[in-house]
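# Observations on the three-dimensional arrangement
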Amino acid sequence: MWPHYYPGSNINPNIYGTYQYPTFHGQPYDNYNTGYLLDTTDNWDRQRPIRGQATWTTGGQVTKCGIPWSKNEYMTVAVGENSPYKCGQTLKIRNLTSPGQREIIVTIVDTVAGYPANKVNLHRNAFIALGANPSIGVINVEIIPSPELEKERWGKYLLEIIKTAYPTYNVTDFHFIRKTHVSPSQTKETYEYIVHSGQDNIRIQGNVVYNPNTDRVTSIDFKEIEHFERYDNLYF
């Protein structure tokens, strides 16, 4: 299934089910918003935020990273084949197109031929989570690799990601489970959350792995542990 693309634009889906920009003097040309040539150089500082654009896709069954598009409730993204960002890496994407500049955290699960380093292809669910209407097709974003967070906010930050992934559910509880020192450069913190909608309740366990020396996130993941019913505020 092809992703949506903006009617009347010259942006067309390619064989990967992603967007392929036409070329101008051998370079990708963006006439959707700005009319300028996109920077196709790959000499990006992997830790430096860069401004670019995001499109969306419905993904597929097979990815070049071997990580499914469905990871973390589709909070996933593809990057250019020559991008300095690598499979499994965590990126923060900030929407610069709409007021409020909503942000999400996504995991790199696939690559796209022809995309420059400052262009990403979000899963449709992640695109919507940024507050963008899929009919728009393309939005301006800031790409923040290995996002840095305050240590005391890990659990609350993961909470915001779960709220985004479960938009029709309310979070009723969350608490810290454990901290594990995996290595001198990796610490994992584990949290548990309960979300509910009507009589459906889900217990979710989430992990944040970060470098304790730099406070930069290495990876974020969460999974559903249990579905259960709720009655008169009693869980069983």
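For the structure itself, look to the data block above.
Heads up: these notes are all about the structure in this document. Since the structure is predicted, the reported quantities are computational estimates derived from the model, not experimental observations. Positions within a chain are numbered from 1, following the residues in the order the chain's sequence is written. In view of the model being predicted, local features appear only for residues whose pLDDT reaches at least 70, and side-chain atom pairs are presented and counted only at 80 or more, with totals across whole chains, interfaces and linings using the full set of residues. Note that water and hydrogens are dropped before the side-chain values are worked out from all heavy atoms of the structure.

### Things to note about the overall build of the protein chain
- Along the protein chain, the regular secondary structure elements total three helices and 15 strands.
- The rule is simple: take the accessible area with a 1.4 Å probe, protein chains only, and divide by the maximum for that residue type; under 20% is buried, over 50% is exposed, in between is partly exposed. Expressed as a percentage of its 236 residues, the buried residues of the protein chain come to 47%.
- It only takes one pair of heavy atoms within 4.5 Å for two residues to be counted as in contact. The contacts of the protein chain with a sequence gap of at least 6 include a subset with a gap of at least 24, amounting to 62%.
- Surface accessibility follows the Shrake-Rupley procedure with a 1.4 Å probe radius. Residue values consider only the protein chains on display as shielding. Element-wise, carbon and sulfur atoms account for 48% of the exposed surface of the protein chain, whose accessible area totals about 11700 Å². Per the convention used, a helix needs a DSSP run of H or I reaching at least four residues, while a strand needs a run of E reaching at least two, with both numbered from the N terminus.

### Focus on the nonpolar core
- Grouped together as the largest cluster of nonpolar side chains are 29 residues, with contacts concentrated most on Leu91, Ile93, Ile104, Val106, Leu122 and Ile143.
- Elements represented by at least two residues in this core include exactly strand E5 (50–57), strand E6 (76–80), strand E7 (90–95), strand E8 (103–112), strand E9 (119–123), helix H2 (124–129) and strand E10 (139–145).
- Looking at this core element by element, the count peaks at five residues for E8.
- Non-local contacts of valine 106, meaning those with residues more than four positions away in its chain, are made with Met75, Thr76, Val77, Gln89, Thr90, Leu91, Ile93, Leu122 and Ala126. The nonpolar core is taken to be a set of buried Ala, Val, Leu, Ile, Met, Phe, Trp, Tyr and Cys residues, with the residues joined through side-chain atoms within 4.5 Å.

### A short note on the state of the cysteines
- Note that a disulfide, as used here, is simply two cysteine sulfur atoms within 2.5 Å. Using the criterion set out here, one finds one disulfide in the structure.
- Here cysteine 65 pairs with cysteine 87 through a disulfide, and the sulfurs are 2.1 Å apart. Classification of the bridge connecting cysteine 65 and cysteine 87 rests on its S-S torsion, roughly -70°, and on that basis the disulfide is left-handed. Residue cysteine 65 is found in the loop between E5 and helix H1 (71–74), and its partner cysteine 87 is found in the loop between E6 and E7; the two are separated by 22 residues along the sequence.
- Take cysteine 65: its relative accessible area is 18%, and that puts it in the buried class.
- Residue cysteine 87 is classed as partly exposed on the basis of its relative accessible area, which comes to 43%.

### What about the packing of aromatic side chains?
- Aromatic contacts are taken between Phe, Tyr and Trp rings whose centres are within 6.5 Å, Trp giving its six-membered ring; a plane angle under 30 degrees counts as stacked, one over 60 as edge-to-face, and the others as tilted. In the structure shown here, the tally under the stated rule is three aromatic pairs.
- Between the aromatic rings of phenylalanine 174 and tyrosine 193, the centroid separation amounts to 5.3 Å while the plane-to-plane angle is 15°, which identifies the pairing as stacked. In this pair, phenylalanine 174 sits in strand E11 (residues 170–183) while tyrosine 193 sits in strand E12 (residues 186–197), placing the two residues 19 residues apart along the sequence.
- Residue classification places phenylalanine 174 among the partly exposed positions, given a relative accessible area of 29%.
- Take tyrosine 193: its relative accessible area is 0%, and that puts it in the buried class.
- Ring geometry for phenylalanine 176 against tyrosine 191: centres 5.4 Å apart, planes inclined by 70°, an arrangement best described as edge-to-face. Taken together, the residues phenylalanine 176 in strand E11 and tyrosine 191 in strand E12 connect sequence positions 15 residues apart.

### Describing the sheet that holds E9
- Here, a strand pair is defined by DSSP locating no fewer than two bridges between the strands. Around the barrel, six strands lie side by side as E5-E9-E6-E8-E7-E10; this closed barrel has mixed pairing. Across the sheet, the mean angle separating the axes of adjacent strands is 45° when strand polarity is ignored.
- The pairing of E5 with E9 spans five bridges and is parallel. Paired with threonine 57 across the two strands is histidine 123, which belongs to E9. Axes here refer to lines fitted to C-alpha atoms; in helices the fit is confined to the stretch in contact. Angles between the N-to-C directions go from 0 to 180 degrees.

### A closer look at unusual backbone geometry
- Here the phi dihedral of glutamate 73 falls at roughly 55°; this positive angle occurs in a residue that is not glycine.
- Relative to the helices and strands, glutamate 73 resides in helix H1.

### Observations regarding the pattern of salt bridges
- The term salt bridge refers to a side-chain nitrogen of Lys or Arg lying within 4 Å of a carboxyl oxygen of Asp or Glu. Throughout the structure, instances matching the rule amount to seven salt bridges.
- In this structure, arginine 94 engages glutamate 103 in a salt bridge whose closest nitrogen and oxygen atoms are separated by 2.5 Å.
- On the basis of relative accessible area, arginine 94 is assigned to the buried category, the value being 18%.
- Taken together, the salt bridges that share partners define one network made up of Lys92, Arg94, Glu103 and Glu142.

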